[in-house]
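Residue-level structure breakdown
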Amino acid sequence: MPDVDTSKEEKKFYEDVPMKTPGFFLKGSGSLDWGMKNRLARIFNPRSGRTVMLAIDHGYFQGPTTGLERIDLNIVPLVPYADALMLTRGILRTTIPPASTKPIVVRASGGPSILKELSNEEIALDIEDAIRMNASAMAIQVFIGGEFETRSVHNMTRLVDMGLRYGIPVMAVTAVGKEMVRDAKYFRLACRICAELGAHFVKTYYVPEGFETVTASCPVPIVMAGGKKIEVLDALKMASNAIQRGASGVDMGRNIFQSENPVAMIKAIGAVVHKNLSPDKAYEMFNDLKK
Ligand code: 5RP
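Within each chain, residues carry numbers counting from 1 in the order of the written sequence. Two thresholds apply to this predicted model, a pLDDT of at least 70 for residue-level local features and 80 or more for giving and counting side-chain atom pairs, whereas whole-chain, interface and lining totals are computed over all residues. With hydrogens and water stripped out, all remaining heavy atoms of the structure feed into the side-chain values.

An unreviewed UniProt entry annotates the protein chain as Autoinducer 2 aldolase originating from Candidatus Desantisbacteria bacterium CG1_02_38_46.

Remarks on the overall build of the protein chain
Numbering of helices and strands runs from the N terminus, with a helix taken as a DSSP run of H or I at least four residues long and a strand as a DSSP run of E at least two residues long. Of regular secondary structure, the protein chain possesses 12 helices and 10 strands. For the protein chain, the C-alpha radius of gyration of 18 Å lies close to 19 Å, the compact-globule estimate for 291 residues. Here the protein chain carries 36 positive and 32 negative side-chain charges, and the mean point of each set is 5 Å from the other. For this measure, only C-alpha atoms enter the radius of gyration; the expected value for a globule follows 2.2 Å times N^0.38, where N is the number of residues. His is not counted, nor are the chain ends; Lys and Arg add positive charge and Asp and Glu add negative charge. Every charge is mapped onto a representative atom, which is NZ of Lys, CZ of Arg, CG of Asp or CD of Glu.

Looking at the environment of isoleucine 269
Mapped onto the secondary structure, isoleucine 269 falls in helix H11 (residues 262-275). Accessibility here uses a 1.4 Å probe with only protein chains present; expressed as a share of the type maximum, an area under 20% marks a residue as buried, one over 50% as exposed, and anything in between as partly exposed. On the basis of relative accessible area, isoleucine 269 is assigned to the buried category, the value being 0%. Along the sequence, isoleucine 269 and glycine 226 sit 43 residues apart, while their C-alpha atoms lie 11 Å from each other.

Description of the pairing of strand E7 (residues 170-174)
For E7, the tally of buried residues reaches 5 of 5 residues, placing the bulk of the element in the interior. Residues Val170, Ala172 and Thr174 point to one face of E7 and Met171 and Val173 to the other, with burial holding for every one of them. If DSSP finds at least two bridges between two strands, the strands pair. As judged from the 5 bridges shared by strand E6 (residues 137-142) and E7, these two strands associate in the parallel manner. When the bridges of E7 are listed, isoleucine 140 appears paired with alanine 172. Look down the strands so they point away from you; if going from the first strand over the helix to the second traces a clockwise path, that crossover is right-handed. Each parallel crossover has a hand, and the one from E6 via helix H6 (residues 149-166) to E7 is right-handed. Two elements, E7 and strand E8 (residues 201-205), share 3 bridges in a ladder whose sense is parallel. Counterpart to methionine 171 in the pairing with E8 is phenylalanine 201. After leaving E7, the chain enters helix H7 (residues 184-196) and then returns to the sheet as E8, a path that is right-handed.

Remarks on the pattern of salt bridges
Salt bridges, as used here, are contacts in which a Lys or Arg side-chain nitrogen is within 4 Å of a carboxyl oxygen on Asp or Glu. This structure, assessed with the given rule, holds 12 salt bridges. Note that aspartate 129 is salt-bridged to arginine 89, the shortest N-O span being 2.8 Å. One end of the pair, aspartate 129, is in helix H5 (residues 127-132); the other, arginine 89, is in helix H4 (residues 89-95), and 40 residues separate them in sequence. Between aspartate 288 and lysine 291 there is a salt bridge, with the nearest N and O atoms lying 3.4 Å from each other. Taken together, the shared-partner salt bridges in this structure form one network comprising Arg89, Arg93, Asp129 and Arg132.

Digging into the site of the ligand
The criterion for a residue being near a molecule or strand is simple. One of its heavy atoms has to lie within 4 Å of it. Neighbouring the ligand are 14 residues; Asp57, His58, Gly227, Gly253 and Arg254 lie closest to it. At 2.3 Å from an oxygen atom of the ligand is found a side-chain nitrogen or oxygen belonging to aspartate 57. For the purposes of these results, a polar contact is taken to be a pair of N or O atoms within 3.5 Å, where, inside protein, one atom must be able to donate a hydrogen and its partner to accept one; residues adjacent in sequence count only when each atom of the pair is a side-chain atom. Glycine 226 places a polar main-chain atom, nitrogen or oxygen, 3.4 Å from an oxygen atom of the ligand. For the area figures, the Shrake-Rupley method with a 1.4 Å probe applies, and any residue is considered shielded solely by the protein chains shown. When the free accessible area of the ligand is taken as 370 Å², the share hidden by the protein chains comes to 94%. The residue classification treats Ala, Val, Leu, Ile, Met, Phe, Trp, Tyr, Cys and Pro as nonpolar and Asp, Glu, Lys and Arg as charged. All others, Gly included, are polar. Looking at the shell around the ligand residue by residue, the class counts come to 5 nonpolar, 5 polar and 4 charged.

Re the packing of helix H9 (residues 232-244) against H11
To get an axis, fit a line to the C-alpha atoms, keeping to the stretch in contact for a helix; angles then go from 0 to 180 degrees between the N-to-C directions. Here H9 crosses H11 at 25°, and the two axes come no closer than 9 Å. Between H9 and H11, the interaxial angle falls into the category roughly parallel. Judged by the twist between their axes, the crossing of H9 over H11 is right-handed. Listed contacts from H11 to Val232, Ala235, Leu236, Ala239, Ser240 and Ile243 of H9 are Met265, Ala268, Ile269, Val272 and Val273. The residue makeup of the contact of H9 with H11, split by class, is 10 nonpolar, 1 polar and no charged. Oblique is the label for any angle not under 35 degrees, not over 145, and not in the 65 to 115 range, which are roughly parallel, roughly antiparallel and roughly perpendicular in turn. By convention, the crossing between two helices is left-handed when the near helix turns anticlockwise from the far helix through less than a right angle, and right-handed when the turn is clockwise. The contact rule is simple, with two residues in contact once any of their heavy atoms fall within 4.5 Å.

Quick look at the side chain of aspartate 129
Taking the relative accessible area as the measure of exposure, aspartate 129 reaches 5% and is therefore buried. Within the local environment of aspartate 129, its side chain forms a polar contact with the side chain of arginine 93, the two groups lying 2.6 Å apart. When residues no more than four places from it in sequence are discounted, the contact partners of aspartate 129 are Arg89 and Arg93.

A closer look at the environment of phenylalanine 201
Summarising the element assignment, phenylalanine 201 is placed in strand E8. For phenylalanine 201, a relative accessible area of 0% corresponds to the buried category. The sequence separation of phenylalanine 201 and serine 48 amounts to 153 residues, and the corresponding C-alpha distance is 16 Å. Discounting chain neighbours no more than four positions away, the residues touching phenylalanine 201 are Leu40, Ile43, Phe44, Met53, Ala137, Pro169, Val170, Met171, Ala172, Val220, Pro221 and Val223.

So, in structure tokens, the structure goes:
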């Protein structure tokens, strides 16, 4: 068994030296096939290299989440403002108009509800169905340190193998158990494992201390997960900090759809992500749009 990393040397992440991206605008994606790159270029805007994904897949384990009770009424009007939608195939087929050309990141794992151990997931989607739905990527949870860590990692690697066969990228979502410490050390570990084992991009949480080391040590793009609803200005600051520290976008849910004005919020987040607008200016923008 290999030794764990016990070196006393300080780790060097070279946070201020961006990784070169020969062959394609996205980190670590230059050697992918054309179809894979084309799908990634639907999700990530090639001009900014970034994305604002709208996450509305919460129902796959927690049912009708606040703000998602009626996706037809609350979410469909928001779709034009997102760069991509992250959702389940059930909501896609029942509720999202097929005439929408928004790129789809389809939830590909599931199993336990909030009443059970969440890390006990399985792959819950056939690759053929992802192709049928014209998915631009598939999303799967990875529970590093969780009770069913190995199963969730193998779910991801099997999905990556299927995705590679047909040119559909996989987004690994680093899911954190309630009892686990959410710090840069944990997210460096989780994100790096996902990338090493084949994820094409990784969704992870922002941490105020050392987030730049999480992005620097992950050789594929990272998108920031939103987390529970916080004050508008705080959410804008979090998104801005994540972007300035190396994230390639956000995949936010509750801070957008639980906002008092979801359209204003997603537009303000978009300006932070794609135009580097400062959080204060984006907050002004939010308030103006709200009027
Ligand atoms: C579940 C997910 C969700 O899509 C995502 O984390 C929810 O978004 P938010 O936290 O911003 O409401 O991946 O684990």
